[in-house]
Amino acid sequence: MGLLDSFEKGLERAVNSAFAKTFRSGIQPVEIASALRSELDKKAAVVSRDRILAPHSFEVRLSPSDDDRMQTIGPALADELDSLVKKHAKAQGYSFAGPVTITLVRDEQLSTGTLRVESSSAEGRVVWRGVVDVEGRRHPLTKSRTVIGRGSDADITISDAGTSRKHVEVLWDGERAMVRDMNSTNGTMLNGRKVTEAALPPDSTITIGRTDIVFRVVAQAAPPKPPEAAHARRRHSCVRRARRRTPAVSELTLLLLRIGFLVLLWAFVFAVVYSLRADLFGVKVRRMPEPQAAAVPAAAQTAGASAPTAAAPSVKPAPPVKGGKATTETVSRIVITSGPKAGLELPLGTEPLTIGRSSESGLVVRDDYTSSHHARLLLWGDQWMIQDLDSTNGTWHDGVRVTAPVPVVVGAPIKVGATTFELRK
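Residues numbered from 1 in each chain as written. Predicted model: local features only at pLDDT ≥ 70, side-chain atom pairs only at ≥ 80, totals over all residues. Heavy atoms only, no water.

Draft legend 1. Focus on the overall build of the protein. If you tally the helices and strands in the protein, you get eight helices and 28 strands. Taking all 425 residues of the protein together, the buried fraction comes to 36%. Put simply, the protein shows about 25,300 Å² of open surface, and 56% of that area lies on carbon and sulfur atoms. (Helix = DSSP H or I, 4+ residues; strand = E, 2+ residues; numbered from the N terminus. Buried < 20%, exposed > 50% of the residue type's maximum accessible area, 1.4 Å probe, protein only. Areas by Shrake-Rupley, 256 points an atom, 1.4 Å probe, with all protein chains shown as cover.)

Draft legend 2. Seen up close, the sheet that holds strand 3 (residues 57–62). With respect to topology, three strands assemble into an open sheet ordered 5-3-6, the strand pairing being mixed. Each of the sheet's edge strands pairs with one partner strand only, and the pair in question is strand 5 (101–106) and strand 6 (115–120). Going across the sheet, the axis of each strand differs from the next one's by a mean of 20°, ignoring polarity. Two strands pair when backbone bridges link them, and strand 3 and strand 5 are joined in this way by six bridges, in the parallel orientation. Residue L62 lies in a different strand from strand 5, and its bridge partner there is R106. Strands strand 3 and strand 5 of the sheet are contacted by helix 3 (residues 64–73), whose axis makes an angle of about 130° with strand 5. (Pairing = 2+ DSSP bridges. Axes fitted to C-alpha atoms, helices over the stretch in contact; angles between N-to-C directions. Contact = heavy atoms within 4.5 Å.)

Draft legend 3. Broad picture of the packing of helix 2 (residues 29–43) against helix 4 (residues 75–92). Two numbers describe how helix 2 lies on helix 4: the axes approach to 10 Å, and their chain directions differ by 35°. Taken as a pair, helix 2 and helix 4 cross one another with a handedness that is right-handed. Contacts between helix 2 and helix 4 involve P29, I32, A33, L36, R37, L40 and D41 from the first element and L77, L81, L84, V85, H88 and Q92 from the second. (Left-handed = near helix turned anticlockwise from the far one by under 90°.)

Draft legend 4. Molecular detail of the pattern of salt bridges. Summed over the entire model, instances satisfying the criterion amount to 20 salt bridges. Residues D107 and R61 are paired through a salt bridge, measuring 3.9 Å at the closest nitrogen-oxygen approach. Taken as a pair, D107 in the loop between strand 5 and strand 6 and R61 in strand 3 lie far apart in primary sequence, 46 residues in all. Relative accessible area serves as the criterion here: at 23%, R61 is assigned to the partly exposed category. Ionic pairing is found between D66 and R69, a salt bridge with its closest N-O pair at 2.7 Å. A residue pair is termed a helical-turn pair when its members lie 3 or 4 positions apart in one helix, as D66 and R69 do in helix 3 at three residues. According to the relative accessible area criterion, R69 is partly exposed, its value standing at 33%. Each of E59, R61, D107 and E118 takes part in one network of salt bridges that share partners. (Salt bridge = Lys/Arg side-chain N within 4 Å of Asp/Glu carboxyl O.)

Draft legend 5. Highlighting the environment of D82. By the element assignment, D82 lies in helix 4. When the C-alpha atoms of D82 and T101 are compared, they prove to be 7.4 Å apart, with 19 residues separating the residues in sequence. Setting aside residues up to four positions removed in sequence, D82 forms contacts with V100 and I102.

Draft legend 6. Spotlight on helix 3. All of the buried residues in helix 3 are D66, D67 and M70. Buried residues of helix 3 fall within an arc of 100° about the axis and therefore sit on the same side. Considering only its buried residues, helix 3 is in contact with helix 2, strand 3, helix 4 and strand 5. Looking one or two residues beyond helix 3, the residue adopting positive phi is G74, at roughly 90°. (Arc of directions from axis to C-beta.)

Draft legend 7. A look at the sheet that holds strand 20 (residues 353–356). Read from one edge to the other, the open sheet built from five strands follows the order 21-20-22-23-26, with strand pairing classed as mixed. The outermost strands of the open sheet, each flanked by one partner alone, are strand 21 (363–364) and strand 26 (406–407). Summarising the sheet, strand 23 (residues 383–388) and strand 26 pair through two bridges and their orientation is antiparallel. By the bridge assignment for strand 26, I386 is matched with V406.

The following block contains the structure:
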């Protein structure tokens, strides 16, 4: 047993023991069935492409209380477990080297709710024998040539009037098989196709007359060889298995890997959502105190009033005097007077202009006091109007908070968050 197998089995026992001590529940027959299936899958050995050898002798170790409970079920439990093992082996394509035996053993060292399954194969070497199932009976192919037909001189006699006396023969050399029709009257079918001679793969169905013949290759234990030869063969087999077989992964390890993968997947999803939170949910807007919100337009007016005096020596023209309605003839641009984009000028068109933090806005203003869609400038006839879009800190026009669309005055400060702008010629 490899290091990974030992670790998996130890981890599985520790977890099962912890759960058993915590919940104190007894073993149920379905848990024994699951353990037997798992043991079959772990110990199955691939001999060739279509031959997989599995252990056939199982020993189920139970705690004293669980063993007493299973004994009350009686022989029905053993019959059900035997049927389940054979059914699972047939579904997976496993072969047994001997009859299936399942034994329940009491183990004083086990706690209630835990079990252990040990398995083994027949002593000696395993040989593969060809057999045919005819009319519910299994006939081994003991000769290299086996004749099947209605006549008494055939090796296998069948009672079917639709078959010839010597209808078909099966050739078997210990590894491969062939089927050959012997000039029968009604012919021979292989897997629904008429043949005269063809290779015979395992689990194929030969139909002659109204009779189906199923060819199979089964494992059978042979008498053991002398100890020295058996020891040498065992060493060679172990080396070959170590080279060709990869340790099986238990159900517990797969469960832990799935849980870890799901945790990483959800962590990745949360990281993506967190990085895109501004686009998906918008950024939280800080609320500006009312005194500060009202004070900013007044400060903007003071700055606007003092600007001509300070700018008198400059070559730049002074801003126009506030007053009059802002129409398409009296204003043609937006001038930002304060805020992150102070000094920026934009031409006015005839389409509505949305102002806010969102990248979809016509005038993007990024500060902590501006909403994603804060306000809108729109034409009402030839008159420019300012409208608040239910922003957090509101929109202010000439020091008055906008609650409904109001006409814009030329040169009047319009405050959006921490940004103030005016409409000018």
